[in-house]
Amino acid sequence: MSDIDATKKPHLYRDINHDPVTSVLPDGDIPISDHPLSNDEGVLVALGYKQEFKREFSLWTTFCVSFAVLGLLPSVASTLYYGMGYAGTAGMVWGWLIAMVFIQCVAMSMAELCSAMPTSGGLYYAAAVLAPPGYGPFAAWLTGWSNWIGQVTGAPSVDYALAAMILAAAAIYNPDYVPTKYQTFLLTTLILLVHSGISSMPTKWIATFNSWGSTFNIIALIITLITIPAGTSNSPKFSPAREVWGTITNGTDLPNGVAVLMSFVSVIWTMSGYDSPFHLSEECSNANIASPRAIVLTSAVGGLMGWFLQLVVAYTVTDINAVINSDLGQPWASYLLQVMPAKTAMALLSLTIICGFFMGQGCMIAASRVTYAYARDDCFPLSRIWKKVNTRTQTPVNAVLMNCGLGILMCLLIFAGQVTIGALFSIGAISQFIAFAIPIAIRVFIVGNRFRRGPWHLGPFSKPVGAAGSLFVLLMLPILCLPSSTGSDLTPDLMNWTCLVYGAPMLAVTIWWVVDARRWFKGPKVNVEHAIYHGDEADEPVVYEGVVATADKQEERTASNQDGKDQYASSSSKEDNDNGADKSAAE
């Protein structure tokens with residue numbers, strides 16, 4: 001196992017060389033423990049982290065959280081404006097189908113990374129480990145902030161859409177009632193507070209709550225898929241197939257092809273939650289197999305069932321303009337009233353509202369785990385507060401409260417108008433997409449054989465699948481920033497503010513990196529006690545592939561005091577060792 005004599009100290013040693021993960025600790029560095037390690041704990045220790053959460057998530061409950069974050073029914077309801085409004089029914093059915101093929105490529109490549117590095121830092125950790133020598137911290141910095149921006153906007157955008165649906169339902173019951181922006185803001189704030197309270201509960205309670213929520217989501221979606229075709233009051237019931245599949249109702253001033261690509265924002269935003277199992281991997285048992293399976297399962301099941309729902313809507317909608325421009329201010333409610341009797345429409349809208357509540361809850365959980373993981377590495381101001389794990393619930397309560405406060409501030413965009421608050425949806429899509437693509441692209445185009453795959457992998461299809469997903473992201477980045485109007489029709493209230501609302505904070509954190517952060521941020525911090533170079537504890541923190549390794553008692557010492565020997569691992573011997581590990585794993 002190792003040439004360390006375990007009898008010399010009252011510690012247990014873990015041989016990381018045979019763990020099926022891409023360990024950040026160099027060959028010969030043996031993590032030390034005062035108790036026997038389970039397989040999951042051993043894998044996490046090899047990644048450089050102590051076990052701090054209880055592993056009470058299974059494959060099913062992890063899938064439940066990610067499927068709740070997907071929230072297909074409320075997600076489609078919330079983004080119907082983009083899918084149907086930009087390209088009509090042809091954009092809905094073809095757009096969803098085409099986008100899902102490439103989104104599945106992204107999901108499978110992400111699952112491969114998760115199997116190799118199952119930590120709550122997720123993509124941020126992977127970018128740090130896989131980046132070329134010297135670029136790990138910067139890759140982690142950009143990936144982490146982009147992912148965090150997408151995560152932290154998830155719950156506010158979902159809860160805003162949920163509040164709009166609730167008030168639309170009230171307006172249907174009382175035609176004299178017109179919801180105000182102030183009421184929408186207050187209701188959104190209330191929902192955020194409730195979700196924060198639930199997300200602060202013990203892990204087992206959260207897992208159970210989300211298991212019930214995802215089960216309800218699946219049942220409600222099936223009910224909707226059956227009820228709309230069976231109960232529609234249209235005559236004839238369904239539109240001709242040639243109109244559904246072949247007619248592009250272009251709601252933009254751009255060419256039809258571009259309008260179809262713009263409609264992808266609906267599926268991209270809807271499917272952005274499949275990374276949740278990655279962030280929950282430190283709370284999942286058998287994480288380097290169960291978590292990647294949950295990622296792929298979420299994307300595949302969500303994509304297929306979401307497409308079925310798109311088909312149902314496309315075949316039954318009769319007047320797209322009336323749906324998009326309804327006074328209710330909520331296209332899904334307008335659509336249901338257009339094609340069904342009022343009571344049936346209200347019943348389905350009620351199911352959508354309940355599903356939306358569970359979806360917002362899942363988003364809050366995932367975001368809090370990401371915030372905790374980044375605060376653990378001191379990415380935020382006052383990180384010492386946000387990275388604390390509540391001793392009673394064993395969950396990152398402070399991170400939940402931070403996200404809740406930021407979410408309430410974001411919802412002030414409600415007072416700036418429909419298009420401005422709609423930027424939250426575009427931000428969620430583009431920021432998550434960029435965060436997904438950075439480590440995948442590094443893995444495909446740069447790493448070569450330095451990547452040590454985990455037990456779940458794509459085999460020979462790994463690089464082609466990852467390349468397809470990365471190139472799709474590259475194509476969609478400018479598309480997601482395009483406004484639907486051009487020329488004299490483009491007014492400030494119709495402008496796509498994604499570039500500004502996402503670009504401004506990303507520009508700010510990039511400037512922060514250049515001016516200051518590069519001096520002290522060295523990537524994810526290893527916090528296990530470990531023996532460096534065959535049993536001798538290091539006197540200084542050591543940086544391996546952009547990840548700072550420190551002993552427990554030295555954790556607070558900054559990497560800026562390192563001498564020249566503590567630079568990024570770039571020697572050929574390191575690559576040779578990794579290549580040998582790859583060859584052994586393959587054999």
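Anything mentioned here points back to the structure above.
A brief look at the structure comes next. (Residues numbered from 1 in each chain as written. Predicted model: local features only at pLDDT ≥ 70, side-chain atom pairs only at ≥ 80, totals over all residues. Heavy atoms only, no water.)

**A closer look at the overall build of the protein**
Helix and strand counts for the protein come out as 21 helices and six strands. Across the 587 residues in the protein, those meeting the buried criterion constitute 60%. In the protein, of all internal contacts separated by at least 6 residues, the share reaching a separation of at least 24 is 79%. For the protein, the exposed area adds up to about 22,200 Å²; of that, 63% sits on carbon and sulfur atoms. (Helix = DSSP H or I, 4+ residues; strand = E, 2+ residues; numbered from the N terminus. Buried < 20%, exposed > 50% of the residue type's maximum accessible area, 1.4 Å probe, protein only. Contact = heavy atoms within 4.5 Å. Areas by Shrake-Rupley, 256 points an atom, 1.4 Å probe, with all protein chains shown as cover.)

**Comments concerning the side chain of N234**
Among the secondary structure elements, N234 is positioned in the loop between α7 (203–231) and α8 (241–246). A polar atom in the side chain of N234 sits 2.6 Å from the backbone oxygen of T316. If we ignore the near neighbours within four places in the chain, the residues touching N234 are T316, T318, Q338 and V339. (Polar contact = N/O pair within 3.5 Å; in protein donor to acceptor, adjacent residues only side chain to side chain.)

**Describing the packing of helix α12 (residues 287–316) against helix α14 (residues 331–339)**
As a packed pair, α12 and α14 sit with axes 11 Å apart at the nearest point and diverge in direction by 55 degrees. If you check the angle between α12 and α14, you find them oblique. Once α12 is placed against α14, the crossing between them reads as left-handed. Along the contact surface, α12 presents L309, V312, V313 and T316, while α14 presents W332, Y335 and V339. (Axes fitted to C-alpha atoms, helices over the stretch in contact; angles between N-to-C directions. Parallel < 35°, antiparallel > 145°, perpendicular 65-115°, else oblique. Left-handed = near helix turned anticlockwise from the far one by under 90°.)

**Remarks on the nonpolar core**
I103, M117, W332, Y335 and L349 are the most contacted members of the largest nonpolar core, which has 161 residues in total. It is helix α3 (residues 72–116) that provides the largest number of residues to this core, a total of 23 residues. (Core = buried A, V, L, I, M, F, W, Y, C linked by side-chain atoms within 4.5 Å.)

**Brief notes about the packing of helix α5 (residues 136–173) against helix α15 (residues 342–376)**
Contact geometry of α5 with α15 gives a least axis separation of 9 Å together with a crossing angle of 160 degrees. As the angle between them shows, α5 and α15 are arranged roughly antiparallel. Crossing of α5 over α15 shows left-handed handedness. In the contact of α5 with α15, the residues fall into 21 nonpolar, eight polar and one charged. (Nonpolar A, V, L, I, M, F, W, Y, C, P; charged D, E, K, R; others polar.)

**A look at a nonpolar patch on the surface**
There is a patch of nonpolar side chains on the surface, built from Y182, L186, L409, L412 and F415 and spanning about 510 Å² of accessible area. Looking at the element boundaries, Y182 is found in helix α6 (residues 181–199). (Patch = residues over 30% accessible without salt bridge, like charges linked within 9 Å, V, L, I, M, F, W, Y side chains within 5 Å. Salt bridge = Lys/Arg side-chain N within 4 Å of Asp/Glu carboxyl O.)

**Remarks on the packing of aromatic side chains**
As enumerated under the stated definition, the model contains 31 aromatic pairs in all. Centre to centre, the rings of Y81 and Y86 are 6.5 Å apart; their planes meet at 65 degrees, and the pair counts as edge-to-face. Residue class for Y81 comes out partly exposed when judged on its relative accessible area of 36%. Arranged with centres 5.3 Å apart and planes meeting at 45 degrees, the rings of Y274 and F436 form a pair that is tilted. In this pair, Y274 sits in the loop between α10 (264–270) and α11 (276–279) while F436 sits in helix α18 (residues 418–445), placing the two residues 162 residues apart along the sequence. Among the aromatic residues, those joined into a ring-pair cluster are Y124, F138, W141, W145, W148, Y374, F380, W512, W513, W520 and F521. (Phe/Tyr/Trp six-rings, centres within 6.5 Å; stacked < 30°, edge-to-face > 60°.)

**Examining unusual backbone geometry**
Note the cis peptide between S235 and P236, where omega equals 0 degrees. Residue placement: P236 occurs in the loop between α7 and α8. One non-glycine residue, N286, adopts positive backbone phi at about 55 degrees. As for its position among the elements, N286 is in the loop between α11 and α12. Unlike most non-glycine residues, L382 shows phi in positive territory, near 60 degrees. When you line up the elements, L382 lands in the loop between α15 and α16 (383–386). On the basis of relative accessible area, L382 is assigned to the partly exposed category, the value being 43%.

**Some words on the pattern of salt bridges**
All chains considered together, the criterion is met by one salt bridge. Across the pair E283 and R369 runs a salt bridge, and its minimum N-O distance is 3.0 Å. Within this pair, whereas E283 is found in the loop between α11 and α12, its partner R369 is found in helix α15, the two being separated by 86 residues in sequence. In this structure, E283 and R369 share a single accessibility class: buried.

**Overview of the state of the cysteines**
Summed over the entire model, instances satisfying the criterion amount to zero disulfides. Free of any disulfide, C284 has its nearest neighbouring cysteine sulfur in C114, separated by 8.4 Å. (Disulfide = S-S within 2.5 Å.)

**A closer look at α15**
Count 3.6 residues to each turn of an α-helix, and residues three or four apart come out pointing the same way. Between its first and last C-alpha, α15 extends 51 Å over 35 residues, near the 51 Å set by a 1.5 Å rise per residue. Most of α15 is tucked away: 28 of the 35 residues are buried. (Expected span 1.5 Å × (residues − 1).)

**So, the environment of S196**
Residue placement: S196 occurs in helix α6. Remark: the alpha-carbon pair of S196 and I365, spanning 169 residues in sequence, is separated by 8.4 Å. Not counting residues up to four positions away in its chain, the partners in contact with S196 are M364, V400 and C404.

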